[in-house]
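These are the residues of each chain, in order.
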Amino acid sequence: MTTRERLMEFTTQRIIQYLMKDRDMEVDEAMNLFYNSIVFEKLHDEETGLYLESPLYVYDLLKNEIRNGRLVQEEI
């Protein structure tokens, strides 16, 4: 397993944990939600470099996607 693949796997595991805790989801629900998201797709697209970001940053993107129904990077 490459470093990139390990980072993607680590981020995926953390986001599933966050979903389970924050949204009181079962593991299969959390996995289904994340695996079917645009954020998951972008995380696994090497060109985006998203796998280099922290799991919390990626989770914030996912929360924005869930809230907006699409991937939107909110302004600060």
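Data block above holds the structure.
Rules behind the numbers
- Residues numbered from 1 in each chain as written.
- Predicted model: local features only at pLDDT ≥ 70, side-chain atom pairs only at ≥ 80, totals over all residues.
- Heavy atoms only, no water.
- Helix = DSSP H or I, 4+ residues; strand = E, 2+ residues; numbered from the N terminus.
- Rg over C-alpha atoms; globule rule 2.2 N^0.38 Å.
- Buried < 20%, exposed > 50% of the residue type's maximum accessible area, 1.4 Å probe, protein only.
- Contact = heavy atoms within 4.5 Å.
- Patch = residues over 30% accessible without salt bridge, like charges linked within 9 Å, V, L, I, M, F, W, Y side chains within 5 Å.
- Areas by Shrake-Rupley, 256 points an atom, 1.4 Å probe, with all protein chains shown as cover.
- Salt bridge = Lys/Arg side-chain N within 4 Å of Asp/Glu carboxyl O.
- Lys, Arg positive; Asp, Glu negative; His and termini not counted.
- Charge placed at Lys NZ, Arg CZ, Asp CG, Glu CD.
- Axes fitted to C-alpha atoms, helices over the stretch in contact; angles between N-to-C directions.
- Parallel < 35°, antiparallel > 145°, perpendicular 65-115°, else oblique.
- Left-handed = near helix turned anticlockwise from the far one by under 90°.
- Nonpolar A, V, L, I, M, F, W, Y, C, P; charged D, E, K, R; others polar.
- Phe/Tyr/Trp six-rings, centres within 6.5 Å; stacked < 30°, edge-to-face > 60°.

1. Notes on the overall build of the protein chain
Consideration 1: The secondary structure content of the protein chain amounts to four helices and zero strands.
Consideration 2: Overall, the protein chain shows an N-to-C arrangement of helices and strands of α-α-α-α.
Consideration 3: Over its C-alpha atoms the protein chain spans a radius of gyration of 12 Å, differing by no more than 12% from the 11 Å that the globule rule assigns to 76 residues.
Consideration 4: Based on the C-alpha atoms only, the size of the protein chain along its principal axes is roughly 30 × 30 × 20 Å.
Consideration 5: For the protein chain, the proportion of its 76 residues judged to be buried stands at 32%.
Consideration 6: Excluding contacts between residues fewer than 6 apart, the proportion of contacts in the protein chain whose partners are at least 24 apart in sequence is 50%.

2. Looking at a negative patch on the surface
Consideration 1: A cluster of acidic residues, Asp 24, Glu 26, Asp 28 and Glu 29, forms a negative patch on the protein surface.
Consideration 2: By the secondary structure assignment, Glu 29 is in helix 2 (residues 27–35).

3. Here we look at the packing of helix 1 (residues 3–22) against helix 4 (residues 55–68)
Consideration 1: Contact geometry of helix 1 with helix 4 gives a least axis separation of 9 Å together with a crossing angle of 55°. Of the possible angle classes, the one that applies to helix 1 and helix 4 is oblique. Note that helix 1 runs across helix 4; the crossing there is right-handed. Contact with helix 1, carried on its side by Phe 10, Thr 11, Arg 14, Ile 15, Tyr 18, Leu 19 and Asp 22, involves Pro 55, Leu 56, Val 58, Tyr 59 and Leu 62 of helix 4 and no other residues of that element.
Consideration 2: Taken together, the residues that form the contact of helix 1 with helix 4 break down as nine nonpolar, one polar and two charged.

4. Comments concerning the packing of helix 1 against helix 2
Consideration 1: In contact at an axis separation of 9 Å, helix 1 and helix 2 are set at 120° when each is read in the N-to-C sense. The angle between the axes of helix 1 and helix 2 places the two elements in the oblique class. Handedness of the crossing formed by helix 1 with helix 2: right-handed. Together, Thr 12, Ile 15, Ile 16, Leu 19 and Met 20 of helix 1 and Val 27, Ala 30, Met 31, Leu 33, Phe 34 and Tyr 35 of helix 2 make up the contact between the two elements.
Consideration 2: Looking at the contact of helix 1 with helix 2 residue by residue, the class counts come to ten nonpolar, one polar and no charged.

5. Points about the packing of aromatic side chains
Consideration 1: The full count for this structure, using the stated rule, is three aromatic pairs.
Consideration 2: Each ring, one from Tyr 35 and one from Phe 40, has its centre 5.0 Å from the other, and the planes form 55°; the classification is tilted.
Consideration 3: Phe 40 gets classed as buried once you look at its relative accessible area, which sits at 18%.
Consideration 4: Connected via pairs of aromatic rings, a cluster forms that spans Phe 34, Tyr 35 and Phe 40.

6. A look at the environment of Tyr 59
Consideration 1: Examined against the element boundaries, Tyr 59 turns out to sit in helix 4.
Consideration 2: Each C-alpha atom, one on Tyr 59 and one on Asp 28, is 17 Å from the other, the two residues being 31 residues apart in sequence.
Consideration 3: In contact with Tyr 59, other than residues within four places in its own chain, are Ile 15, Tyr 18, Leu 19 and Asp 22.

Function-wise, these values are silent; they only describe arrangement.
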